Amino acid sequence: MVLAAATRSVPLLFLGMLLFGGGSAANLQARYAAVDLAEPDRRARQLSLIVWATTIGAVAAPNFAALADRTTSGWGLPALSGPFAATGTGRCAPPGRWYAPDRPPGSACPPWPWAIW
């Protein structure tokens, strides 16, 4: 979406929105899959922690929009594209975590096909 803003390309904007939507859907699924990894007697607590962490992020993140915009304005990006650049960076970092062997034995979730156990 940052590239779409820089080039003023509407099709690229739509593609970026599609990818951000897919990332959001995967993020929502991962939250509740993480609850499945918890011990049965701790699942409610884990779910409440996940929901509260999401709430804190939703409240705190808009406070960093101006900082992200100021940071990326020096890079020659259009105004208001900084938050998208920060979000894109944050979404590109976690996939490397998929390869970590952290699935407990006897977990309710099957191993992911791309994970190395």
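Draft legend 1. Quick look at the packing of aromatic side chains. Under the definition given, this model contains 1 aromatic pair. With a centroid separation of 6.2 Å and an interplanar angle of 70°, the aromatic rings of phenylalanine 20 and phenylalanine 84 are classed as edge-to-face. With phenylalanine 20 in helix H2 (residues 10-37) and phenylalanine 84 in helix H5 (residues 82-92), this residue pair connects regions lying 64 residues apart in the sequence. The exposure class of phenylalanine 84 is partly exposed, given its relative accessible area of 36%.

Draft legend 2. Representation of the confidence of the model for the chain in the model. Taken residue by residue, the chain gives an average pLDDT of 76. The fraction at 70 or more is 78%. In the predicted structure, residues 113-117 sits below a pLDDT of 50 and forms 11 contacts with residues beyond four places in sequence or in another chain.

Draft legend 3. The packing of H2 against helix H3 (residues 43-60), seen in detail. Here H2 crosses H3 at 155°, and the two axes come no closer than 8 Å. Comparing their axes, H3 and H2 come out roughly antiparallel. For the pair H2 and H3, the crossing hand works out as right-handed. Across the interface between the two elements, Arg31, Tyr32, Ala34, Val35 and Asp36 of H2 pack against Arg43, Gln46, Leu47, Ile50, Val51 and Thr54 of H3.

The rules behind these values
Residues numbered from 1 in each chain as written. Predicted model: local features only at pLDDT ≥ 70, side-chain atom pairs only at ≥ 80, totals over all residues. Heavy atoms only, no water. Phe/Tyr/Trp six-rings, centres within 6.5 Å; stacked < 30°, edge-to-face > 60°. Helix = DSSP H or I, 4+ residues; strand = E, 2+ residues; numbered from the N terminus. Buried < 20%, exposed > 50% of the residue type's maximum accessible area, 1.4 Å probe, protein only. pLDDT = per-residue confidence, 0-100. Contact = heavy atoms within 4.5 Å. Axes fitted to C-alpha atoms, helices over the stretch in contact; angles between N-to-C directions. Parallel < 35°, antiparallel > 145°, perpendicular 65-115°, else oblique. Left-handed = near helix turned anticlockwise from the far one by under 90°.

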